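As a plain string of letters, each chain reads:
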Amino acid sequence: MNNYEILYILSDKQDADGKKTLVERFKALVAPYGEVTAEEWGGGSRKLEYPIQTKISGKHLTGYYVLMKFTAPPEIPAELERQMRISDDVLRFMIERV
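What you see is a predicted model; the values in this text were computed from it and never measured. Throughout, residues of each chain are indexed from 1 in the direction in which the sequence is written. It should be noted that, the model being predicted, local features are given only for residues of pLDDT at least 70 and side-chain atom pairs only at 80 or more, the latter also being counted only at that level, while totals for whole chains, interfaces and linings use all residues. Hydrogens are left out, water is left out, and the side-chain values use all remaining heavy atoms of the structure.

Undergrad: How would you summarise the overall build of the chain if you had to cite specific residues and measurements?
TA: Along the backbone of the chain there are two helices and four strands. Secondary structure counts use DSSP, requiring at least four H or I residues in a row for a helix and at least two E residues in a row for a strand, with both numbered from the N terminus. When the helices and strands of the chain are listed from N to C terminus, the series reads β-α-β-β-α-β. For the chain, whose C-alpha radius of gyration is 13 Å, the value lies close to the compact-globule estimate of 13 Å for 98 residues. Over its C-alpha atoms, taken along the principal directions, the chain stretches across nearly 40 × 25 × 25 Å. The contact rule is simple, with two residues in contact once any of their heavy atoms fall within 4.5 Å. If you take every contact in the chain between residues at least 6 apart in sequence, the share linking residues at least 24 apart comes to 75%. In this tally, Lys and Arg are treated as positive and Asp and Glu as negative; His is ignored, and so are the chain termini. Note on charges: their place is set at NZ of Lys, CZ of Arg, CG of Asp or CD of Glu. Between the mean site of the 14 positive side-chain charges and the mean site of the 15 negative ones, the chain shows a separation of 6 Å. The globule rule used here is 2.2 Å times the number of residues to the 0.38 power, and the radius of gyration it is set against is calculated over C-alpha atoms.

Given below as structure tokens:
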């Protein structure tokens, strides 16, 4: 089992319930393997350093930052990354092993 941190940015164009649902979905992916904590990073919604353009939802000037720490086997971050890539509401993410 390894310790990981992932920082991801969700679209600010969805309501609070939509953001909470996504955070819970990603937590549920790694919860069976060990301890998981997810928290707003920097107060949640923040202005982005540069605009992010997506095909589905257009231009984003702000994003909802979430920092998640978890313990899991080495193959789980790849599945989490796959799930985030297919979600239209995840603008950016970065997974690091700590």
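Undergrad: An account of helix 1 (residues 16-30) is requested, with residue identities and associated values reported.
TA: In this model, helix 1 (15 residues) spans 22 Å end to end at C-alpha, consistent with the 21 Å of a helix rising 1.5 Å per residue. Working definition: with a 1.4 Å probe on protein chains only, accessible area under 20% of the residue-type maximum means buried, over 50% means exposed, and in between means partly exposed. All of the buried residues along helix 1 are Gly18, Lys19, Leu22, Val23, Phe26 and Val30. Down the axis of helix 1, the smallest arc covering the buried residues is 135°, so these residues share one side. Turned more than 90 degrees away from the buried face of helix 1, the exposed residues are Ala16, Asp17, Lys20 and Thr21. Turning to helix 1, the residues buried within the fold contact strand 1 (2-11), strand 2 (36-54), strand 3 (58-72), helix 2 (76-86) and strand 4 (90-97). Multiplying one less than the number of residues by 1.5 Å gives the expected span of a helix. The directions considered for the arc are those from the helix axis to the C-beta atoms.

Undergrad: Describe in detail the packing of helix 1 against helix 2, supporting the description with residues and values.
TA: It is the contact of helix 1 with helix 2, at a shortest axis distance of 10 Å, that shows an interaxial angle of 155°. Between helix 1 and helix 2, the crossing angle belongs to the class labelled roughly antiparallel. The handedness of the crossing between helix 1 and helix 2 comes out as right-handed. Of the residues in helix 2, those in contact with Arg25, Phe26, Leu29 and Val30 of helix 1 are Ile76, Leu80, Gln83 and Met84. Across the contact of helix 1 with helix 2, the residue classes tally to six nonpolar, one polar and one charged. Every axis in this analysis is a line fitted to C-alpha atoms, fitted for helices over the stretch in contact. Angles between the N-to-C directions lie between 0 and 180 degrees. Roughly parallel means an angle under 35 degrees; roughly antiparallel, over 145; roughly perpendicular, 65 to 115; everything else is oblique. Should the near helix be turned anticlockwise from the far one by less than a right angle, the crossing is termed left-handed; should it be turned clockwise, right-handed. Each residue receives one of three labels: charged for Asp, Glu, Lys and Arg, nonpolar for Ala, Val, Leu, Ile, Met, Phe, Trp, Tyr, Cys and Pro, and polar for the others, Gly being one of them.

Undergrad: How would you summarise the environment of Val66 if you had to cite specific residues and measurements?
TA: Relative to the assigned elements, Val66 resides in strand 3. Among the residues examined, Val66 registers a relative accessible area of 2% and is labelled buried. If sequence neighbours within four positions are ignored, Val66 has contacts with Ile6, Leu7, Tyr8, Leu10, Val23, Ala38, Glu39 and Trp41.

Undergrad: Tell me about helix 2, and name the residues and values.
TA: Within helix 2, the full set of buried residues consists of Ile76, Pro77, Leu80, Gln83 and Met84. Seen end-on, helix 2 carries its buried residues on one side only, within an arc spanning 120°. Along helix 2, the residues that are exposed and aim more than 90 degrees away from the buried face are Ala78, Arg85 and Ile86. Buried residues belonging to helix 2 abut strand 1, helix 1, strand 3 and strand 4.

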